[in-house]
Amino acid sequence: MLKVRENRRELSSRIEIARMAVGGSFAVLAIAYWYVQIVQGGHYFDLSENNRIRSVKLTAPRGYVLDRKGSVLVENEPAYSLQLYRRESKSLESSVEFAVRLLGLPEDQVRARVARGRRYPEFVPIPIAENLTLEEVAEVEARAPEHPEFAVSISQRRLYKRGGSAAHVLGYLAEATPDQIRASANEYRMGDWMGQKGIESSYEKLLSGTNGEKRVIVDSHAREIAEESRIESRPGQNLFLTLDRDLQEIAEESFADKVGSAVALDPKTGQILALVSSPSYDPNWFTRRVTSEEWSGLLNDENKPLQNRAIQNMYSPGSVFKIFLAYGALALNEVDPNARVFCPGYATFYGRTFHCHRKGGHGWVDLRNAIKLSCDVYFYNLGRRLGVDRISEIAHAFGFGEPTGLDLAHEKAGLVPSEEWARTKRGARWYPSETISLAIGQGPLLMTPLQVARAVSALIEGGRLPTPHLFLASQDPKTGVRLRYDSPPKKSLAIDPTRLSIVKNGMWAVVNEPGGTAFGSRVPGIEAGGKTGTVQVVGRESVVRAGADRHLLEDHAWFTAFAPIDDPKIVVVVFVEHGGHGSAAAAPIARRLLARYFGIPLPPAPGEPGFQRASSRPATAPPARKAVSP
Amino acid sequence: MMRRVFPIPRRLDLIVLGCGISLAVLGILFVSSTTEGGRFSGLATRQTIWVLVGLGAMFAAVLFDYRVLLKFSFVIYCVTLIPLVYLLFFGQRIANVKSWIRVGSFQFQPAELTKVATALLLAYLFESSDETRMKLATVAKVGTIVMIPFLLVFLQPDAGLAATFLPLLGMALFFGGLPARAWIALVLAIALLAGIGWFVLADYQKARIGTFLNPEADVLGSGYQVRQSKIAVGSGGFAGKGFRSGTQSQLRFLPVQHTDFILAVIAEEWGFLGVCLVLALFAGLLLRAMSLARVARDRGGVFLILAICSMLFFSVVVNASMMIGLLPTTGIPLPLVSYGGSSVATSFLGIGLILAVEYRRFANA
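A brief structural summary. (Residues numbered from 1 in each chain as written. Chains lettered and ligands numbered in written order. Predicted model: local features only at pLDDT ≥ 70, side-chain atom pairs only at ≥ 80, totals over all residues. Heavy atoms only, no water.)

## Quick word on the side chain of Thr467(A)
Mapped onto the elements, Thr467(A) comes out in the loop between strand E17 (464–465) and strand E18 (471–475). Those residues in contact with Thr467(A) that sit more than four places away from it in its chain are Thr269(A), Gly270(A), Thr404(A), Gly405(A), Tyr485(A) and Ser487(A). (Helix = DSSP H or I, 4+ residues; strand = E, 2+ residues; numbered from the N terminus. Contact = heavy atoms within 4.5 Å.)

Here's what the structure looks like:
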């Protein structure tokens with residue numbers, strides 16, 4: 001007990017010593033801080049005032065976009081932009097004045113930018129203008145002594161090498177809007193570029209990489225005297241698209257000034273080989289300075305060049321729909337392919353007369369020939385047998401009425417009618433006579449050209465519905481690591497191969513047998529199948545009444561083709577607005593695509609000099625069908 | 001009966017408690033000053049949550065009999081070593097070191113808890129050995145107890161965090177009564193080893209050791225942090241530039257201003273007065289706690305308080321010296337004030353143990 005007390009006393013004295021040491025240490029610290037803050041305070045205050053640190057963005061090079069064979073579609077080129085470090089400005093007024101005079105920009109635009117830049121720390125520059133000319137760059141540098149607050153930064157500008165080619169697939173780059181900046185949780189800053197449409201937008205994350213930043217100290221003449229820190233940028237991934245540049249350009253060339261769209265894809269994988277929407281626009285145009293007149297000019301163009309017609313415009317399929325109906329009826333065992341129907345050129349259902357497109361009639365036709373000749377009467381009968389809901393079921397099985405899942409935004413779903421749809425959505429009940437016209441692809445049935453291409457793929461592949469896509473692979477420019485796309489096709493209506501061959505044979509006959517609706521579009525050496533479609537724009541009566549621009553009253557033309565017949569490698573869908581008959585307007589474009597795809601030199605096409613008509617069919621536009629209305 | 005189990009709260013030491021809470025509130029205030037509206041916004045809320053967690057742990061520690069903790073201190077010590085061993089092999093690197101355990105969006109540094117456990121075990125050791133002059137066996141035990149967690153953390157590699165175990169060693173040797181001759185021998189031996197090392201090692205080896213000890217040193221360029229922090233502190237002057245008005249801190253020149261460099265922010269925005277306030281609060285806490293140690297009921301309690309004080313003292317002095325370039329930057333946060341959940345929570349746990357010793361001074365057990 002005594003010993004413990006002894007120890008305790010010694011321990012107590014040690015604690016006293018320690019307390020003094022602790023108190024002494026704090027006193028020493030306080031003196032040290034007093035020295036730094038009071039004695040040297042003025043010196044450090046000046047230093048903090050002159051701490052001219054600038055944050056300089058190290059822009060990550062955006063990934064290139066290449067086609068499936070590695071040909072570059074989109075790359076970058078250097079561009080100069082003007083930055084303002086507002087902390088170094090003697091007076092913001094004179095800075096704004098300088099920028100306005102130098103660049104000839106509207107004053108309120110410059111002011112608005114300066115105002116928006118206040119959200120960021122002072123050493124982060126405010127982007128004032130992009131794409132300076134070399135003269136403007138020289139001027140900024142010459143005036144550095146008076147205006148050290150301005151800096152010219154070399155950034156990278158997106159270059160769409162082929163101008164308007166594949167513009168709707170590629171999309172474009174533009175400055176991120178305030179809404180987009182907010183949505184990105186400040187990942188993007190004012191003046192940052194962002195993919196706005198097309199794959200530039202879909203794969204923004206992949207393409208953009210990560211920007212770096214360096215912090216530098218500059219002297220009063222804006223010269224960099226030291227680098228304080230640096231975070232390197234990580235370049236964006238290079239993106240390989242499924243597109244085939246040759247095919248894409250042939251398709252665009254074939255459209256010339258026609259309005260419409262075309263899709264070519266691999267029916268097994270869903271890889272898109274070409275996707276055209278005509279007219280197009282030049283995406284380069286968005287990376288330069290755009291005036292509001294130019295912008296509204298593009299928006300108000302009545303041909304809507306910004307719209308991607310292949311996925312955003314919905315049309316009636318017309319006779320193209322017959323092949324899906326034929327397939328569906330066979331798969332559901334609703335039709336005997338050998339049973340023949342007599343076509344006198346018209347048929348009467350529910351007290352109404354429905355015409356066939358061939359006035360004189362086709363005589364006795366079976367399923368194969370009904371496809372070959374596109375006999376309306378045969379399909380009127382088939383449609384009546386199936387009924388609207390069966391037809392609707394078949395259409396859904398081919399993916400109509402839902403987006404295809406393409407890796408581009410804003411894809412339309414289309415419309416597939418049914419009795420329930422008529423009752424709940426349309427508010428007027430479904431009339432049986434509507435089913436008759438539905439059977440030949442008329443009425444409230446709407447689809448995009450891409451949906452048709454996907455459905456044709458499913459048809460010729462016996463019911464495997466692929467997901468169309470543009471992403472082939474991406475490649476990290478540093479590591480070379482590649483990413484690939486993988487999406488198995490969905491199961492659709494399965495069919496017995498012998499029955500499938502009846503439909504395919506009918507489509508073969510369309511192109512290859514005299515009397516087929518697209519007999520003139522045969523490409524020698526390729527066993528292709530196809531189907532035409534013609535969609536009436538307005539009834540004949542309104543044509544007479546409208547009178548004005550006859551072109552706008554022309555029918556829309558569809559053509560779809562696939563080849564080779566036994567093991568299809570490519571499906572093509574072409575749609576020409578106001579093109580007239582499918583075989584005349586759309587089929588030649590598809591024909592050129594197939595010829596290019598298989599590398600076959602093409603003999604002159606219809607309309608070109610030297611063309612010999614092989615078909616006995618009259619070349620005049622088919623008589624307009626009577627508009628079917630409930 | 002109830003009174004004996006839960007002695008009346010009159011014995012809660014309000015000076016220690018008040019200083020601790022004031023420091024934590026200052027911390028939340030300045031974490032919000034530097035992080036609101038930026039990339040880190042929301043950290044002040046997190047810090048508040050951690051302070052509340054820490055206060056909970058503190059009151060739990062007060063109510064729980066620390067003598068029971070001392071009795072089981074060896075088990076506690078071993079249990080807290082397990083995550084350190086785990087981290088060494090399976091830890092994910094965060095900021096280049098494997099010292100964090102992640103639970104959801106919260107991260108925790110288990111080494112912080114190990115510090116408290118080590119303090120408990122040392123206190124338990126001195127509870128039973130009361131020799132006036134420390135025996136070699138005791139020195140060896142103390143060394144082993146401290147060096148095991150030190151090495152585990154050092155290998156993560158987090159030299160700064162590992163260094164915070166060293167004051168425990170100094171505390172134990174000083175208060176345990178290491179003879180004067182032994183002290184002289186110890187100092188000479190360390191100086192000799194360092195000297196020999198300096199001559200034997202080649203320059204590139206020294207540089208390598210330097211990078212190993214402080215991997216971030218070169219990322220931002222040598223001396224950047226210290227220079228910027230000195231400018232921040234110095235430019236604050238006597239009364240500071242005003243809350244949230246520090247150009248250095250608000251402009252984010254300081255790289256980790258809400259964690260390790262928070263004192264520089266206080267110094268810039270509240271000036272010398274702010275620094276004095278912080279130093280006074282720490283001095284008040286430590287001096288009061290040490291005087292509580294003098295009157296503690298048992299040796300275990302004395303050493304428990306001293307151990308916790310030694311760690312707090314070390315961190316404060318090293319951190320405050322770092323700000324003005326008196327010591328190289330090592331990544332030691334300012335206890336209770338710097339942003340960092342595990343540090344704040346375990347600091348409060350430590351304060352809870354100090355209060356617990358005082359709380360049971362007259363209790364019969």
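## Concerning the packing of aromatic side chains
All names here are of chain A. For the structure shown, the criterion picks out 26 aromatic pairs over all chains. Considering the side-chain rings of Phe-324 and Phe-398, the 4.9 Å spacing of their centres and the 50° angle between planes classify their relative orientation as tilted. Of this pair, Phe-324 sits in helix H14 (residues 321–331) while Phe-398 sits in the loop between helix H17 (388–397) and helix H18 (419–426), and the two are 74 residues apart along the sequence. Judged by its relative accessible area of 0%, Phe-324 is buried. Exposure remark for Phe-398: the relative accessible area of 1% places this residue in the buried category. Arg-429 extends its terminal NZ or CZ atom over the ring of Tyr-431, reaching a point 4.8 Å from the ring centre. (Phe/Tyr/Trp six-rings, centres within 6.5 Å; stacked < 30°, edge-to-face > 60°. Buried < 20%, exposed > 50% of the residue type's maximum accessible area, 1.4 Å probe, protein only. Lys NZ or Arg CZ within 6 Å of the ring centre and 35° of its normal.)

## Notes on the interface of chain B and chain A
In this complex, chain B contributes 57 residues to the contact, which on the side of chain A involves 39 residues. When chain B packs against chain A, close to 4,200 Å² is buried across both sides, 66% of that on carbon and sulfur atoms. Note that Arg294(B) is salt-bridged to Glu16(A), the shortest N-O span being 2.7 Å. One can count eight residue pairs in polar contact (both at pLDDT 80 or more) joining chain B with chain A. (Buried area = accessible area lost by both parts, 1.4 Å probe. Salt bridge = Lys/Arg side-chain N within 4 Å of Asp/Glu carboxyl O. Polar contact = N/O pair within 3.5 Å; in protein donor to acceptor, adjacent residues only side chain to side chain.)

## What about a nonpolar patch on the surface?
A contiguous nonpolar patch, built from Ile31(A), Trp34(A), Tyr35(A), Ile38(A), Val39(A), Phe238(B) and Leu273(B) and spanning about 700 Å² of accessible area, is present on the exposed surface. Here the element with the most residues in the nonpolar patch is helix H1 (residues 2–39) of chain A; it accounts for five residues. A residue is classified by how much of its surface remains accessible, and Ile31(A), at 54% relative accessible area, is exposed. (Patch = residues over 30% accessible without salt bridge, like charges linked within 9 Å, V, L, I, M, F, W, Y side chains within 5 Å. Areas by Shrake-Rupley, 256 points an atom, 1.4 Å probe, with all protein chains shown as cover.)

## Let's talk about the sheet that holds strand E9 (residues 224–231) of chain A
Residues and elements named next belong to chain A. Strand order in the open sheet formed by three strands is E1-E8-E9, with antiparallel pairing between adjacent strands. Edge positions in the open sheet fall to strand E1 (53–58) and E9, since each of these has one partner strand only. Taking the axes of each pair of neighbouring strands and ignoring which way they run, one obtains an average angle of 25° across the sheet. Across six bridges, E1 lies against strand E8 (residues 212–218) in antiparallel orientation. Paired with Arg-54 across the bridge in E8 is Val-216. (Pairing = 2+ DSSP bridges. Axes fitted to C-alpha atoms, helices over the stretch in contact; angles between N-to-C directions.)

## Thoughts on the pattern of salt bridges
Residues and elements named next belong to chain A. All chains considered together, the criterion is met by 37 salt bridges over all chains. Between Glu-175 and Arg-113 there is a salt bridge, and its shortest N-O distance comes to 2.9 Å. Of this pair, Glu-175 sits in strand E6 (residues 173–175) while Arg-113 is found in helix H4 (residues 107–117), placing the two residues 62 residues apart along the sequence. Assessed through its relative accessible area of 9%, Arg-113 is described here as buried. Through salt bridges with shared partners, a single ionic network connects Lys-268, Glu-461, Arg-464, Asp-567 and Lys-569.

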